Amino acid sequence: MEAFLTLSILLTLVTSHGINVVAGNPSFDAIYQFGDSISDTGNDVKLSGPNGCGSSPYGETFFRHPTGRCSNGRLIVDFFAEALRLPFLSPYLNKSGSFSHGANFAVAGATAITTSQTSLPNQLNWFKTLLPTICPNQGVCKQRLGNALFLVGEIGGNDYNGLAFGGGRDPNSLKSLTPQVIQTIVDVIRQLIDLGATKLVVPGNFPVGCMTIYLAAYKTNDRNMYDEIGCLKNWNDLSEFHNAQLQGAIRTLQAQNPNVKIVYGDYYNALRNLFKNAAALGFDAANMHKACCGAGNNEYNFGGGMCGSPGVRPCPNPNLLVSWDGIHLTEHAYQVMAAQNPSFGAIYQFGDSISDTGNNVKLNANDGCGKPPYGDTIFRHPTGRCSNGLLIVDYIVGEIGGNDYNGPAFGGGKHPNDLKSLTPKVVQTIMDVVKQLIDLGAKKLVVPGNFPAGCMTIYLAAYKTNDLTKYDELGCLKDWNDLATFHNTQLQRAIKTLQAKHPNVKIVYGDYFNALRSIFRNAAALGFDKDGIHKACCGTGNNEFNFDGGRLCGAPGVKSCPNPDLRVSWDGIHLTQRAYQLMSRQVLRQVLPALR
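Residues numbered from 1 in each chain as written. Predicted model: local features only at pLDDT ≥ 70, side-chain atom pairs only at ≥ 80, totals over all residues. Heavy atoms only, no water.

Student: Where do I start with the state of the cysteines in this structure?
Tutor: Cysteine pairs can be covalently joined through their sulfur atoms, and such a bond is termed a disulfide. Under the definition given, this model contains nine disulfides. One disulfide in the model links Cys135 with Cys141; its S-S distance is 1.8 Å. In this structure the cystine formed by Cys135 and Cys141 twists about its S-S bond by roughly 90°; its chirality is therefore right-handed. You'll find Cys135 and Cys141 in the same group, each marked buried. (Disulfide = S-S within 2.5 Å. Buried < 20%, exposed > 50% of the residue type's maximum accessible area, 1.4 Å probe, protein only.)

Student: Hey, could you run me through the pattern of salt bridges in this one?
Tutor: Side chains that differ in charge, positive against negative, can pair when their charged atoms come close. Inspection of the entire model under this criterion finds 14 salt bridges. One salt bridge connects Asp472 with Arg517, and the closest N-O pair in it is separated by 2.8 Å. You can see Asp472 sitting in the loop between helix H18 (457-462) and helix H19 (478-501) and its partner Arg517 sitting in helix H20 (residues 512-521), a full 45 residues away along the chain. By relative accessible area, Arg517 is classed as buried at 9%. (Salt bridge = Lys/Arg side-chain N within 4 Å of Asp/Glu carboxyl O. Helix = DSSP H or I, 4+ residues; strand = E, 2+ residues; numbered from the N terminus.)

Student: When you look at unusual backbone geometry in this model, what are you seeing that I'm missing?
Tutor: Glycine aside, negative phi is the norm for most residues, and most peptide bonds take the trans geometry. The step from Ser56 to Pro57 runs through a cis peptide bond, and the omega angle for that step is 15°. Take Pro57: it is sitting in the loop between helix H2 (43-48) and helix H3 (76-83). Pro373 follows Pro372 through a cis peptide bond whose omega is 10°. In the Ramachandran plot, Arg64 falls in the positive-phi region, its phi being about 70° despite a non-glycine side chain.

Student: Would you explain the sheet that holds strand E6 (residues 199-203) in this entry?
Tutor: Remark on secondary structure: sheet strands pair via backbone hydrogen bonds, oriented parallel or antiparallel. The sheet built from five strands is open, its strands ordered E4-E3-E5-E6-E7 with parallel pairing. Looking at strand neighbours, the two that pair on one side only are strand E4 (102-104) and strand E7 (261-265), the edges of this open sheet. The average undirected angle you get between the axes of adjacent strands in this sheet is 20°. Sheet topology note: the E6/E7 ladder contains five bridges and is parallel. Opposite Val201, over in E7, you have Val263 as the bridge partner. The sheet strands contacting helix H5 (residues 138-146) are strand E3 (30-34), strand E5 (148-152) and E6, and the helix crosses E5 at an angle near 75°. (Pairing = 2+ DSSP bridges. Axes fitted to C-alpha atoms, helices over the stretch in contact; angles between N-to-C directions. Contact = heavy atoms within 4.5 Å.)

Student: How should the pairing of E5 be read in this particular structure?
Tutor: Side chains on a regular strand alternate between the two faces of the sheet. The buried count for E5 comes to five of five residues, which makes it a mostly enclosed element. Residues Ala148, Phe150 and Val152 point to one face of E5 and Leu149 and Leu151 to the other, with burial holding for every one of them. Examined bridge by bridge, E3 and E5 share five bridges and lie parallel to one another. Bridge pairing in E5 links Ile31 to Leu149. Relative to E6, E5 runs parallel, the two being bridged by two bridges. Pairing of Phe150 across the sheet is with Leu200, part of E6.

Student: Help me understand helix H12 (residues 331-339) in this model?
Tutor: In terms of burial, H12 is a largely internal element, eight of the nine residues being buried. Looking at H12, one finds that the buried residues are Glu331, His332, Ala333, Tyr334, Gln335, Val336, Met337 and Ala338.

Student: Sorry if this is basic, but what is going on with helix H8 (residues 178-195) here?
Tutor: For an α-helix the count is 3.6 residues per turn, leaving residues at separations of three or four pointing the same way. Its 18 residues place the ends of H8 26 Å apart at the C-alpha level, agreeing with the 26 Å of an ideal helix rising 1.5 Å per residue. For H8, the set of buried residues is Thr178, Val181, Ile182, Thr184, Ile185, Val186, Val188, Ile189, Leu192 and Ile193. Looking one or two residues beyond H8, the residue adopting positive phi is Gly196, at roughly 130°. (Expected span 1.5 Å × (residues − 1).)

Student: Help me understand the packing of aromatic side chains, please; the structure alone is not making it clear to me.
Tutor: Aromatic rings in a pair are described by how distant their centres are and how their planes are angled relative to each other. Applying the stated rule across the entire model yields 25 aromatic pairs. Ring centres 5.4 Å apart and planes at 40° place the aromatic pair Tyr92 and Phe105 in the tilted group. In this pair, Tyr92 sits in the loop between H3 and E4 while Phe105 sits in the loop between E4 and helix H4 (120-134), placing the two residues 13 residues apart along the sequence. A connected cluster of aromatic rings, assembled from ring pairs, spans Tyr32, Phe34, Tyr92, Phe105, Trp126, Phe127 and Phe150. Here the basic side chain of Arg69 rests over the ring of Phe88, its NZ or CZ set 5.6 Å away from the ring centre. A cation sits over an aromatic face here: Arg223 above Tyr226, 4.5 Å from the ring centre. (Phe/Tyr/Trp six-rings, centres within 6.5 Å; stacked < 30°, edge-to-face > 60°. Lys NZ or Arg CZ within 6 Å of the ring centre and 35° of its normal.)

Student: Can you walk me through the nonpolar core in this structure?
Tutor: Across soluble globular proteins, you tend to see nonpolar side chains buried next to one another. One finds Tyr32, Phe127, Phe150, Ile185, Leu192 and Leu200 to be the most contacted residues of the largest nonpolar core, which totals 93 residues. Other than its neighbours up to four places away in sequence, Phe127 contacts Tyr32, Phe34, Phe105, Leu145, Phe150, Leu192 and Leu195. Within the second largest apolar cluster, 57 residues are counted, among which are Tyr459, Trp480, Ile507 and Tyr512. (Core = buried A, V, L, I, M, F, W, Y, C linked by side-chain atoms within 4.5 Å.)

If you want it as structure tokens, here you go:
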């Protein structure tokens, strides 16, 4: 099975069962989470008190205080909620919590097999107890639960951990436990289906041989015990065995319930892919198995005191490390895992500054995007990317053609209507390149359209007018957006013509125009400062756009805003990492089903 996480899992559920899609997002009414500390948003601290994951510095990066999450910020389930535009889940044991959009039953330390009050079957009992408060009768419950997303796991890791660390069991001997663990998970899924669940995600276990706690506990000088990314092969073999049995059980269960969708969540390969590409994803590859918050006289910074204990401090920048406390991951790692998509062997990107990851700085050492504060959010240094962090290509792929219009507009004073005469040549050039790529062997191509130029800060500042009829409801210049719409319409027609000539190739239009307009339209709900959606984060200028074409970001004295995540525009010309990330989610929802 492929490595599906947040977006791809949701796409699988959507395309298979006709789920409503609103503003580019699958429409679920609620999420119900079962699991352990990978997913616990506060149940354990209600049982055990404010220690461990309920103490500082847990939660410091995003929430600014401990919430009971075993990380410095958000977990995978939080990114699921964000992708579905649902509130973060209240832990079930928080009796003052709101459960109108779901509930979290996961508890740190929970097992699948019933050995304690927090095991998976007991979490199911909690759910059954909550049901009467959600819906008054079985008919209503079936309807409400039918439009909910159920996350059953990750669970089972602690069944093995307890016997490994507490009983000294080796990984091969622990495989005898797997059938019972899997059967318990399957039994719970069956009961959830009987109660009305129709969309379920069942994640597999992490590659435990890559986890800091295992690497520190079972460190050996025998290099044959480690794989190419420094993980213990025998312990990963146990995880693979568990996951293979789980996938087999899911297939059987799916065949027995054809009207229900049960999707395997490949946490194992999602995390391994992260380790394999650590440097490219903004992590410190030399320390990718080192705990950020820990203590220990070893390369893992683990074993000499647990995070949350007196005197144990976190690293200065958790975003650079994968492991938070030696047992759990950092928010950045969970975010990257949640954002992973079905894998292709390679991506070949053509485009301009929307997609450039460093070519221009090789051609022009004085290029602005190669200077601070570009790159400061993720990479902590300039990479040549024209943003504070990752671009759309880092999530998917970029566009071309915008600069063909920008040059005559700003350098030649051309009106948008005049520039439409250029469109046929621009589109034909793009199509000629696509044709040649197909001749060379390309089978899957995404051809993005242009951005809504009239919404971009540089255009808004340059063509500001007191004539309010020139602006649309989002504050964008209508005539410049009309040019982008004209270009995109011609491009889509050309793609359809080329697709008809190449039925064995997938050529998909990427709708960047509406993806960005959707961000502007829903800015507040997406966490942006709605009063500054067209204002540059990094810039200067005595105007509402914080933009001066003569003093761009990277110039002496030009500083960035305190929190780029609140802005859509990074430097007045390019977007922030946060905006690119949200755009990529919307575009992927559109293009991935068409590429299958």
